[in-house]
Structure formats: C-alpha cells, structure tokens
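Remarks on the overall topology
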Amino acid sequence: MVVVGAGFAGASLIRHLPPLLRKPGETLLIDRRQEYAFVPLIHEVAVGRVHPESVRSPIASLCPGACEFLQTEVSGIDLDERVLETPEGPVGYEYLVLNPGSVAAEPGPKLHDYFQHFWSLGDALRLRSALSAAWQRATSPGPPPPPGALTVAIVGGGATGVELAAEVAALFDYLGKRSHRRPSEEPRVVLIEATHRLMEWLDPYFDDAARRALSDLGVEVRLNSPVGQASAEGVRAGEEWLKAATRVWTAGVEASPLVRELPGVHDAGGRSYVDQYLTLPEYPEVYVLGDAGLYTDPRIGPLPPTASVAVQQGPWAARDLRRRLRGAESKRGRPPFRFFDRGYVVSLGPESAVADAVGLRVRGAAAQALYRSVLLYYMKSRRDRILTGADWAMERTLGRVGFGGDQQKEG
Ligand SMILES: Cc1cc2nc3c(=O)[nH]c(=O)nc-3n(C[C@H](O)[C@H](O)[C@H](O)COP(=O)(O)OP(=O)(O)OC[C@H]3O[C@@H](n4cnc5c(N)ncnc54)[C@H](O)[C@@H]3O)c2cc1C
C-alpha cells in the first residue's frame, strides 16, 4: 500500500494500520515534506503566541514499526497502470490512499502580486516578520512611515480570516501596552468579506458571536465588499479604497493539483467525489481522504474540508482495509463511512472563541478553553502538546514567544 500525504488524514491512518499492513515492505508513506506543521495554530504563530517549533513534527517519526517513509513529491498518477510518478522514479501500488490536502485559492492575476497567502507555517512566519517590521517602523524616531503602515487588510471572512483578524487586533493591543513609544498612526485591522456574513458555511450563531468579539477587539468588518482591485499601497473593498501596507488573502481553498488532475467527477474546488467507502467509484483500490475527497454523508450532506473530517476518515480507512484484506468485499461485511459530527469551534483572539459542539453552544472564555483542548487533542505528538501548552502558559507570565514589545525575540 502507498499512502500519499502525512497530514491529518494520512497520519491518523498510519497510526491505525492493521497488523497485515505493518509488516516490512507492506506500506510506504510518501510526503513532499520532512516535517508536518499543525496549521490550525498558525494564526497564533503569526502573532508570536506560539513558537513555530511547537507546531512542527518530523513525519518519519510516524513510521517505526508501521511503514517506510519516502520524502518526495508525487507529480502524477496512472490509475490504470497503478503507478505514481515521482522524481525518484515510478512507484507501483496495490492499494493507494491519497491525502494531499488543499492549497490556498489564488486571488486572481490582477491581485496576485499584492497579497500574501495565509496557508502554511512559512506564510505565518512571513506575516510575523511583516507585522514586526511595520510596528518597529511606526514606533521608531524619525520621519513617520506613509499612511496605512499599521493597517492590516485581511480578505476572506471564513474561519481562517476571522481567527487571524482577532489575533492581529489583540497583538496590536499587546504591543501598544508594552511599547515605550506611541506608533505614528492608530493600528487598524480590517476584515473584508464578499458575502453578507462571516463563516457562511457555519450556523449564523458563529457569525453573530464573531462580529461581537471582533468589534470588541476593534476589528473593522466590511461585508458585501468583494475585492477586485489592489496595489502595493492598498486595496479596494466595495466602494472604499483602503490604504493598507499589510494585505493578506484568506479567501478560499482548492484541492491539491494532484487530485484536480485525476479522472472522474470533481466539485468546483477540484475535490474528487468518493463513494461510501471513500474510494474512487471506478477505482475501488484508491481511497481519497481529507480535504482532497468530497464525500456526501447521507445524514449531513457534503462534508467540509476540515481536520475533524480528515481525522475520522484516516482510522476508518484503516479499518476498511483490514476488512478487505480479510476478504470482506460484500456490503454486509463492509459498513460504509459515516461522519460523527462533533461540531466546530473558532477562536476569537486569546481570550475568546465560539463553539457549537455536540449540541452545546458556547462563546467567550469557556469556548476558548474548549478550543485549546480540542487543538491539543488533534496534535500528533505529546511533545507538540507539551510545547504548545507551555507557550500558552508562559504567555501569561513572561509574554509572547515571538514579540517582545519594541524588540522581537526569536527564542
Ligand atoms: C490556517 C488554517 C487553519 C485551519 N484551522 C482549522 C481548524 O481550526 N479546525 C479544523 O477542523 N480544520 C482547520 N483547518 C483545515 C485543516 O487544516 C485541513 O482540513 C486538514 O489539514 C486536512 O487534512 P488532510 O490530511 O486532508 O491534508 P493536510 O493536513 O494538508 O496534509 C496534506 C499532506 O500532503 C502532502 N502533499 C501534498 N501534495 C503532495 C504531493 N504531490 N506529493 C507528496 N506529498 C504531498 C503535504 O506536504 C501534507 O503533508 C485549517 C486550515 C488552515 C490552512
């Protein structure tokens, strides 16, 4: 068996591999990276609340006793010949589990050069440097920087945009209290959304809670404001031209190009439709899990591209493989995948969050505590849990790990 992608779906599959697939030479794990970054926390890395090392883990550590690891990029798949193309040469398979995840949707050719993405740990570190440099310029003696130097425009009011906007506003508040000099202009965080509400795919309860919390943090929310124009100085949001030195694009995701190029039916974002066994209808030996596959649960509808879906699909596919290897191909011996919806939680800055979890709606500090425990639960290793927990605990006593007021600290 070959598993492509060691993210949420791939790692949870490897941890639950049946004994038959744990034998030497049976399972190969491929990922283009050496380390996996826990992306649900990168907005906290971008504002210096969590250290980058706390959210990185080596992929090879998943393998001892379970699989072999090959670090390479899969560039193509021949489903009929059952072969993957890689720079290391062709790799054949009997069963294939594809979990290459998503990529950030491009803002379009006219906007592309004027926005930075917010999708990976690298993006978070670039934003952290940009925010730190902007604050230093605005609080240094000498001629003030041009207007908009401390304005951050975030385009896309999904969960990522909301979480980031809340964190950046809280960062400016934190820096303002610790800085010896007042900045040359008032910091602004503007969250720009094309539709009439935030986080449209979630219940309106999330929109309501987020708008209140963002308003308390001083974030300006612009709804019904599609962005069609931008420059190195700013961005046009609806009718308004906004001067903003820092511009971040958080609007939308697409399936990995590897999956978009597969034969079969895809949704608008390029995800491959999979059947009740999470396999391609024409190729039952190929599972497509996590963000890359689109599964329609009969009770819930199409499942969203979230970590909570991916971490249920990985172990389920491992169980399904065990059944198939024992010869259970019939419907009776092979129950279909069903998603257990535990709800969703969105962070709203260091002190607040909003959650709708197993029928319980909660917002504020209690939801933030729930958010932290859910994220620690999803983390792959005990080491990452301890380091992240320590970053949060130290923030209360020693300050942030990545921003120290007028001076940025790395350690
Ligand atoms: C900023 C941000 C915040 C998020 N917050 C949350 C949250 O709070 N809660 C939540 O439920 N979800 C959240 N998500 C979504 C969640 O991260 C994804 O749903 C989840 O990562 C999907 O898991 P996956 O296994 O499908 O893919 P991933 O976890 O993305 O893993 C894909 C793996 O495949 C590898 N890969 C890709 N292409 C190739 C190739 N061609 N060859 C070899 N390897 C390849 C990649 O290197 C990667 O390791 C967030 C996403 C982002 C970007």
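Computed from a predicted structure; not experimentally measured. (Residues numbered from 1 in each chain as written. Predicted model: local features only at pLDDT ≥ 70, side-chain atom pairs only at ≥ 80, totals over all residues. Heavy atoms only, no water.)

**A word on the overall build of the chain**
- Within the chain, the regular secondary structure consists of nine helices and 28 strands.
- Taken over the C-alpha trace, the chain has a radius of gyration of 22 Å; the compact-globule value for 411 residues is 22 Å, and the two agree within 12%.
- With respect to the three principal axes, the spread of C-alpha positions in the chain is 75 × 45 × 45 Å.
- Counting across all 411 residues of the chain, residues that qualify as buried make up 54%.
- Looking at the chain alone, contacts between residues at least 24 apart form 67% of all its contacts between residues at least 6 apart. (Helix = DSSP H or I, 4+ residues; strand = E, 2+ residues; numbered from the N terminus. Rg over C-alpha atoms; globule rule 2.2 N^0.38 Å. Buried < 20%, exposed > 50% of the residue type's maximum accessible area, 1.4 Å probe, protein only. Contact = heavy atoms within 4.5 Å.)

**Here's the deal with the state of the cysteines**
- Enumeration according to the criterion identifies one disulfide in this entry.
- Disulfide partner of C63: C67, at an S-S distance of 2.3 Å. Its S-S torsion of about -85° marks the bond between C63 and C67 as left-handed, since a negative value means left-handed.
- Residue classification places C67 among the buried residues on the basis of a relative accessible area of 14%. (Disulfide = S-S within 2.5 Å.)

**Looking at helix α7 (residues 307-325)**
- A rise of 1.5 Å per residue sets the reference length of α7, with its 19 residues, at 27 Å; its end C-alpha atoms lie 27 Å apart and thus fit the reference within 8%.
- Counting buried residues in α7 gives 15 out of 19 residues, a clear majority hidden from the surface.
- In the stretch just after α7, G327 is the one whose phi turns positive, near 100°. (Expected span 1.5 Å × (residues − 1).)

**Things to note about the side chain of E193**
- Tracing the sequence through the fold places E193 in the loop between β13 (188-192) and α5 (204-217).
- Buried E193, no salt bridge; nearest opposite-charge side chain is R197, N-O distance 9.2 Å.
- The contacts of E193, once residues within four sequence positions are left out, are G156, G157, G158, L198, R222, L223, N224 and S225. (Lys, Arg positive; Asp, Glu negative; His and termini not counted. Salt bridge = Lys/Arg side-chain N within 4 Å of Asp/Glu carboxyl O.)

**Some details on the site of the ligand**
- Surveying the vicinity of the ligand reveals 29 residues, the closest of which are A9, D31, Y36, D291 and A307.
- Within the side chain of D291, a nitrogen or oxygen atom sits 2.7 Å from an oxygen atom of the ligand.
- When the free accessible area of the ligand is taken as 1,000 Å², the share hidden by the protein chains comes to 93%.
- Among the elements of the structure, α1 (8-15) and α7 are those that each provide at least two residues to the shell around the ligand.
- Among the elements that make up the shell around the ligand, the one with the highest residue count is α7 (three residues).
- No fewer than three residues from each of domain 1 (2-32 + 72-104 + 253-341) and domain 2 (112-251 + 344-403) sit in the shell around the ligand. (Near = heavy atom within 4 Å. Polar contact = N/O pair within 3.5 Å; in protein donor to acceptor, adjacent residues only side chain to side chain. Areas by Shrake-Rupley, 256 points an atom, 1.4 Å probe, with all protein chains shown as cover. Domains from an automatic or database assignment.)

**A look at the packing of aromatic side chains**
- Under the criterion given, the structure shown has ten aromatic pairs.
- Taking 6.2 Å as the distance between ring centres and 85° as the angle between the ring planes, the aromatic pair formed by Y205 and F206 counts as edge-to-face.
- You can call Y205 buried: its relative accessible area is 15%.
- Its relative accessible area of 2% is what places F206 among the buried residues.
- Plain terms: the ring middles of Y377 and Y378 are 5.9 Å apart, the flat faces sit at 45° to each other, and that makes the pair tilted.
- Among the aromatic residues, those joined into a ring-pair cluster are F8, Y36, F38, Y377 and Y378.
- It is R372 that lies over the ring of W392; its NZ or CZ is 4.7 Å from the centre. (Phe/Tyr/Trp six-rings, centres within 6.5 Å; stacked < 30°, edge-to-face > 60°. Lys NZ or Arg CZ within 6 Å of the ring centre and 35° of its normal.)

**Considering the pairing of strand β27 (residues 353-357)**
- Burial analysis of β27 places five of its five residues in the buried class, the great majority of the element.
- Here β27 shows no split at all, with A353, A355 and A357 on one side and V354 and D356 on the other all buried.
- Where strand β26 (residues 343-347) meets β27, five bridges bridge the pair, whose relative direction is antiparallel. Bridge pairing in β27 links V346 to V354.
- Linking β26 to β27, which pair antiparallel, is a turn of five residues; within it G349 sits at a positive phi near 95°. (Pairing = 2+ DSSP bridges.)

**Quick notes on the domain arrangement of the chain**
- Parsing the chain into structural domains produces domain 1 (2-32 + 72-104 + 253-341) and domain 2 (112-251 + 344-403).
- For domain 1 versus domain 2, the separation of C-alpha centres amounts to 33 Å.
- Residue-level contacts link 13 residues of domain 1 with six residues of domain 2.
- Buried surface at the junction of domain 1 and domain 2, both sides included, amounts to about 880 Å², of which 69% is carbon and sulfur.
- Remark: the boundary between domain 1 and domain 2 carries zero salt bridges.
- Looking at the side of domain 1 that touches domain 2, the elements that each hand over two or more residues are α1, β10 (102-104) and α7.
- Tallied by class, the residues present in the side of domain 1 that touches domain 2 amount to eight nonpolar, four polar and one charged. (Buried area = accessible area lost by both parts, 1.4 Å probe. Nonpolar A, V, L, I, M, F, W, Y, C, P; charged D, E, K, R; others polar.)

**A short note on the packing of helix α8 (residues 365-378) against helix α9 (residues 382-398)**
- Between α8 and α9, the shortest axis-to-axis distance is 9 Å and the interhelical angle comes to 155°. Regarding the angle of α8 to α9, the classification is roughly antiparallel. When the axes of α8 and α9 are compared, the crossing they make is right-handed. Judged by residue contacts, R372, L376 and Y377 of α8 engage R385, T388, G389 and W392 from α9.
- Within the contact of α8 with α9, the residues separate by chemical class into three nonpolar, two polar and two charged. (Axes fitted to C-alpha atoms, helices over the stretch in contact; angles between N-to-C directions. Parallel < 35°, antiparallel > 145°, perpendicular 65-115°, else oblique. Left-handed = near helix turned anticlockwise from the far one by under 90°.)

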